[in-house]
Amino acid sequence: MLSSLRRPGAAIRRHIRTRSRGQSLVELALILPVFMLFFAAILDLGRIAAGQVAVQNAAREGAFAAAETPSDFNSATGCPADGKTNTIYCRIKLESKNGVVINPTDVTVTCSPASCATGIGNTVQVVVSGHFRLLTPLMGAFFGGNQNVTFTASSVQNIATYPAPPAGIPTPTPTPTPTPTGTATATPTATLPPACQVPSAGFTMTVSPPSHQRPVTISVVDTSTSINCGITTWEWNWGDGTTGSGQVPGPHTYLVPNPDPTSGGYWTVKLKVVNAAGNNTSGGQQVQVK
């Protein structure tokens, strides 16, 4: 009698276990696509951050190359196999990674003055636009519904200027060797430390959003150099009547375009650096606000 009562109970338990497994599979089938979509969106966020850094690094590397050879750029050709010509684009091409594509036509090189002549205070600006494609349409909604996104970054450097070589060194007349009269102890000569030189101001800038629609926020990275002494002061001029200080001043936001009719709606950002030998001010970078 007891055995016959156990059999129906076992059958009911088997039915419940089978039904629970089936329900779990249905729930997994419903949740899995949503989970995969959010996972792809999170992956896109990381790719966006890496893409922005790649474009910023490409602009900085291009400016470093342009400081040495500001006229060695041709937007009609790519980087040759030996890399000996079009060196500015070649340096930029090496940094076009993390899914970012930069073509020669996406690079602009501008000198101040336009002749790209060497001289103290002469600068060269490199502007780079990198093309990036999102994985999911979910993130594309934040870029106007377009999965093809363009990142823009610029960098300004002083054109390398070196002192002219001496005109000539006269040939010394040999002097007869005197007869030593005794043993003299040589007096050690003190070695003076190298002299501090005037700093060179420079910085890179990232603009968000890339469409330049107000409000526009910029982030700057100091690339100034100082030989034989450290920089003591960083003075940032945002162009809109406000200023910042420190090597890392933090982001700055523009709410309206420049009202000056001659500016075309652009604000000009400048950096002044100071050390023990003097100061130097960058040529300035422009920020468009629509």
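A brief structural summary. Here the structure is a predicted model, which is why all the values come from computation and not from measurement.

**Quick notes on the pairing of strand β3 (residues 148-158)**
When a strand is regular, its side chains alternate between the sheet's two faces. Most of β3 sits inside the fold, with 8 of its 11 residues counted as buried. In terms of strand pairing, strand β2 (residues 123-133) meets β3 through 11 bridges, oriented antiparallel. When the sheet's bridge partners are listed, S129 is paired in β3 with T152. Pairing geometry for β3 and strand β4 (residues 203-208), over 4 bridges, is antiparallel. The partner of S154 across the bridge, within β4, is M205.

**Focus on unusual backbone geometry**
Between S112 and the following residue, P113, the backbone shows a cis peptide bond with an omega angle of 5°. With respect to the helices and strands, the residue P113 is situated in the loop between β1 (107-112) and β2. A cis geometry characterises the amide bond from R214 onward to P215, with omega recorded as -5°. A positive phi is found at H212, a non-glycine position, where the angle reads about 65°. Looking at the element boundaries, H212 is found in the loop between β4 and β5 (216-222). A relative accessible area of 16% places H212 in the buried class. Of note in the backbone geometry, N228 takes a positive phi value of approximately 70° without being a glycine.

**Brief notes about the layout of surface pockets**
Its volume calculated, the largest pocket comes out at about 550 Å³. Residue lining of the largest pocket: 20 residues in total, with N158, I159, T161, S200 and T225 positioned closest to the centre. Where the lining of the largest pocket is concerned, the elements lending two or more residues are α1 (2-68) and β3. It is α1 that contributes the most residues to the lining of the largest pocket, 3 residues altogether. For the lining of the largest pocket, the per-class residue count stands at 9 nonpolar, 10 polar and 1 charged. If you trace the second largest pocket, you find 13 residues lining it, with V127, T152, S154, H212 and Q286 closest to the centre. Counting only elements with at least two residues in the lining of the second largest pocket, the list comes to β2, β3, β4 and β11 (285-288). Residue contributions to the lining of the second largest pocket peak at 4 residues, all from β11. Looking at side-chain class alone, the lining of the second largest pocket contains 6 nonpolar, 7 polar and no charged residues.

Parameters and conventions
- Residues numbered from 1 in each chain as written.
- Predicted model: local features only at pLDDT ≥ 70, side-chain atom pairs only at ≥ 80, totals over all residues.
- Heavy atoms only, no water.
- Buried < 20%, exposed > 50% of the residue type's maximum accessible area, 1.4 Å probe, protein only.
- Helix = DSSP H or I, 4+ residues; strand = E, 2+ residues; numbered from the N terminus.
- Pairing = 2+ DSSP bridges.
- 1 Å grid on protein atoms, 1.4 Å probe; cavity = no way out; pocket = protein on both sides within 12 Å on 5 of 7 lines; lining within 4 Å.
- Points joined across faces, edges and corners; volume = space filled by probe spheres on them.
- Nonpolar A, V, L, I, M, F, W, Y, C, P; charged D, E, K, R; others polar.

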